[in-house]
Amino acid sequence: MFEVSKKQKNMAFIVFGIYFFLLIWLILFKFEIHISKLDTIRSINFIPFHYANEIGINFHLKEVIYNVLVFVPLGVYIQFFKPQWSFLVKTLLAFCISFIFESLQYIFAIGASDITDIIDNTLGGIIGVLLAKILGKICKEKSITIINVIGLIIEVIAFALFIVLFIL
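Residue positions are counted from 1 within each chain, in the order its sequence is given. Only residues with pLDDT of at least 70 are given local features in this predicted model, and only at 80 or more are side-chain atom pairs given and counted; all residues enter the totals for whole chains, interfaces and linings. Side-chain calculation: all heavy atoms of the structure are included, whereas hydrogens and water are not.

Colleague: Any chance you could break down unusual backbone geometry for me, citing the residues and the numbers?
Modeller: At Ala-109, a position not held by glycine, the phi torsion is positive, near 50°. Numbering of helices and strands runs from the N terminus, with a helix taken as a DSSP run of H or I at least four residues long and a strand as a DSSP run of E at least two residues long. With respect to the helices and strands, the residue Ala-109 is situated in the loop between helix H3 (87–107) and strand S2 (110–114). Note on exposure labels: buried denotes an accessible area under 20% of the residue type's maximum, exposed denotes more than 50%, and partly exposed covers the range between, all computed with a 1.4 Å probe on protein chains only. Overall, the relative accessible area of 14% leaves Ala-109 in the buried class. Phi is positive for Lys-140, which is not a glycine, with a value near 50°. You can see Lys-140 is positioned in the loop between helix H4 (115–139) and helix H5 (143–167).

Colleague: Before we move on, can you summarise the nonpolar core with the specific residues and values?
Modeller: What is meant by a nonpolar core is a set of buried Ala, Val, Leu, Ile, Met, Phe, Trp, Tyr and Cys residues, joined one to another through side-chain atoms within 4.5 Å. Leu-23, Ile-27, Phe-71, Leu-74, Tyr-77, Phe-101 and Ile-144 are the most contacted members of the largest nonpolar core, which has 23 residues in total. Elements with a contribution of two residues or more to this core: helix H1 (6–27), helix H2 (57–81), H3 and H5. Among the elements that line this core, the one with the most residues is H2, at eight residues. Pairs of residues are marked as contacts when any of their non-hydrogen atoms sit within 4.5 Å. Residues within four places of Ile-144 in sequence aside, it is in contact with Val-4, Gln-8, Ala-12 and Phe-80.

Colleague: Report on H4, specifying residues and quantitative values.
Modeller: A helix is expected to span 1.5 Å for every residue after the first. Taking 1.5 Å per residue as the helical rise, H4 with its 25 residues ought to reach 36 Å, and the 36 Å between its terminal C-alpha atoms agrees with that figure. Its side-chain oxygen at 2.8 Å from the backbone nitrogen of Thr-116, Asp-114 defines the N-terminal cap of H4. Pairing of N or O atoms within 3.5 Å defines a polar contact, subject to two protein rules: one partner must be a possible hydrogen donor and the other a possible acceptor, and residues neighboring in sequence count only if both atoms are side-chain atoms.

Colleague: How would you explain H1 if you had to name every residue and give the values?
Modeller: The terminal C-alpha atoms of H1, which comprises 22 residues, lie 31 Å apart, in line with the 32 Å expected from a rise of 1.5 Å per residue. Of all the positions in H1, only Ala-12, Val-15, Phe-16, Tyr-19, Leu-22, Leu-23, Trp-25 and Ile-27 are classed as buried.

Colleague: Break down the packing of aromatic side chains for me, citing the residues and quoting the values.
Modeller: In this analysis, rings of Phe, Tyr and Trp, with Trp reduced to its six-membered ring, are considered paired at centre separations within 6.5 Å, and the interplanar angle assigns stacked below 30 degrees, edge-to-face beyond 60, and tilted for intermediate values. In total, this model carries 13 aromatic pairs according to the counting rule given. Ring centres of Phe-16 and Phe-81 lie 5.7 Å apart, and the angle between their planes is 80°; on these two criteria the pair is classed as edge-to-face. Linking Phe-16 in helix H1 with Phe-81 in helix H2, this pair joins segments that are 65 residues apart in sequence. A residue is classified by how much of its surface remains accessible, and Phe-81, at 22% relative accessible area, is partly exposed. Aromatic pair Phe-159 and Phe-162: ring centres 6.3 Å apart, planes at 80°, arrangement edge-to-face. Of this pair, Phe-159 and Phe-162 both sit in helix H5, three residues apart, which is roughly one turn of the helix.

Spelled out as structure tokens, the structure:
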């Protein structure tokens, strides 16, 4: 195992913190600025990949892909912060975080809770763990720098998009 500098580790915590803030804002608050504008939906779906309102397979496929992609960074940072944990523990952590988000949506009536989202999010976490493992084997000590740079670029783009959306 290679040694990561304190500066790299601190940068990783900062990038992860920004990511996690954006994840909470996305999942729980749907990028709303005012809580009063949140939809008051309280529903729950226990049937995986079942959609009551058939609005097109393309919409549902995109939603599945987005739910997977949004949790990939979580898996990457779980692998970076806790490489000694077993794959099962890392998977369970991604599952638990997703489950908590879905539960909070239901409790506070701020979204539709769906088992499909939990499955997709957990899969994203698993993919992130695997990507981080592969990157760690290929790039060794440069892997965290690469992860942080990619994370920062994505976060800067996301903030730029938010600014554009809120100005318009």
